[in-house]
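Descriptive structure summary
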Amino acid sequence: MNNRAKFTICAAGIFVCYFFYGILQEKITRGTYGTQGEKFTYSLSLVFVQCVVNYVFARVVLKAFPEESADTTKSAYYAISAVTYLLAMIFSNMALQWVNYPTQVVAKSGKPIPVMILGVLLGRKSYPFKKYMFVLLVVIGVALFMFKDGKSNPSQLDSSFSGLGEILLIFSLMMDGITGAVQERMRSESKTKSGHMMVNMNLWSMMFLSIALIGTGQIFDFISFIQRYPQIIAHLLLFSAFSALGQFFIFWTVSDFGPLPCSIVTTTRKFFTVLASVIFFGNPMLTRQWIGTIIVFIGLFLDSFYGKQPAKSK
């Protein structure tokens, strides 16, 4: 298979998997069940199911395609990155109870912001001026998209709990930044392979989630919900399967073609995810929000093409 055909398969895999992943995520978290219109509010359980499927899938792939070298990464790195990875997903999933999926996608496109801030404050790194400009574009776009008009009616303000969804998305971005910083340390110190990282992060995540689910008692409510509405099982399994497959194609793209082509593909698919959510779920977007969306993706594309040179340590 030539490189062009392989890249086409990788890009198509990322598009298709995360397209259905996004649709299923919104269907699960914002849909209603039964005659009473009950909602699925078990964020910890949702992430736990996802991590279990990811772990099983990663083990199968690692068994079929063993990594060339043994894993020498410190367990503490896996544990820390698993905690921040979990919190990022949990905050992001919880936010969907108060914001629609397009808002979540555009906000999560601002990942370069916390990564840069943590790089400057904790890593003592300096970035080229143009990179600051590209990230500033992302900040402006996200702010424009998430800005609430002053004419919102009281019921809308009450339903949003004074911006609780947006606050959760900010926390999610902070956790993404910490996860990226720890994983960068793992790669620089131990040259951690993607297969080992995927297996161990999901293993630690399952351990932490098991404790949280039992401690909060959510596991019992989750099981009760499934017993009342068994039709959600298929949605949960499909959601997790597309997540695992999407990660596989992302790792394949990075390992064979590098992070630049992968970032271009994943950035492009986010925009189509927004469009899909608007089309299939009827989420209304104002002209201002469309302008903000365009600005965000322009900033991300410019950063992908021109802002990827290594940061310098001070």
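This text goes with the structure placed above it.
Let me begin by describing the structure that accompanies this report.

About the criteria used
- Residues numbered from 1 in each chain as written.
- Predicted model: local features only at pLDDT ≥ 70, side-chain atom pairs only at ≥ 80, totals over all residues.
- Heavy atoms only, no water.
- Salt bridge = Lys/Arg side-chain N within 4 Å of Asp/Glu carboxyl O.
- Helix = DSSP H or I, 4+ residues; strand = E, 2+ residues; numbered from the N terminus.
- Buried < 20%, exposed > 50% of the residue type's maximum accessible area, 1.4 Å probe, protein only.
- Core = buried A, V, L, I, M, F, W, Y, C linked by side-chain atoms within 4.5 Å.
- Contact = heavy atoms within 4.5 Å.
- Patch = residues over 30% accessible without salt bridge, like charges linked within 9 Å, V, L, I, M, F, W, Y side chains within 5 Å.
- Areas by Shrake-Rupley, 256 points an atom, 1.4 Å probe, with all protein chains shown as cover.

Attention now goes to the pattern of salt bridges. A side chain of one charge can pair with a side chain of the opposite charge when the charged atoms of the two come close. Applying the stated criterion across every chain yields a total of 2 salt bridges. A salt bridge links glutamate 26 to arginine 30, with the nearest nitrogen and oxygen atoms 3.6 Å apart. On the criterion of helical spacing, the pair formed by glutamate 26 and arginine 30 is a turn pair, its members being 4 residues apart in helix H1 (residues 3–30). A salt bridge links arginine 228 to glutamate 38; its shortest N-O distance comes to 2.6 Å. Pair noted here: arginine 228 is in helix H10 (residues 218–228) and glutamate 38 is in strand E2 (residues 38–39), with a separation of 190 residues, a long-range link. Classification of arginine 228 as partly exposed rests on a relative accessible area of 40%. Residue classification places glutamate 38 among the partly exposed residues on the basis of a relative accessible area of 23%.

To continue, consider the nonpolar core. Ile28, Tyr33, Phe40, Phe222, Phe225, Ile232 and Leu236 are the most contacted members of the largest nonpolar core, which has 22 residues in total. The set of elements that each furnish at least two residues to this core consists of H1, helix H2 (43–64), H10 and helix H11 (232–257). By residue number, the principal contributor to this core is H1, which donates 7 residues. Those residues within four positions of phenylalanine 222 in sequence are excluded, and the remaining contacts are Phe40, Tyr42, Ser45, Val49 and Leu236.

Next up on the list: a nonpolar patch on the surface. Together, Phe129, Tyr132, Met133, Leu136, Val139 and Ile140 make up an exposed nonpolar region whose accessible area comes to about 530 Å². Residue position: methionine 133 is located in helix H6 (residues 129–146).

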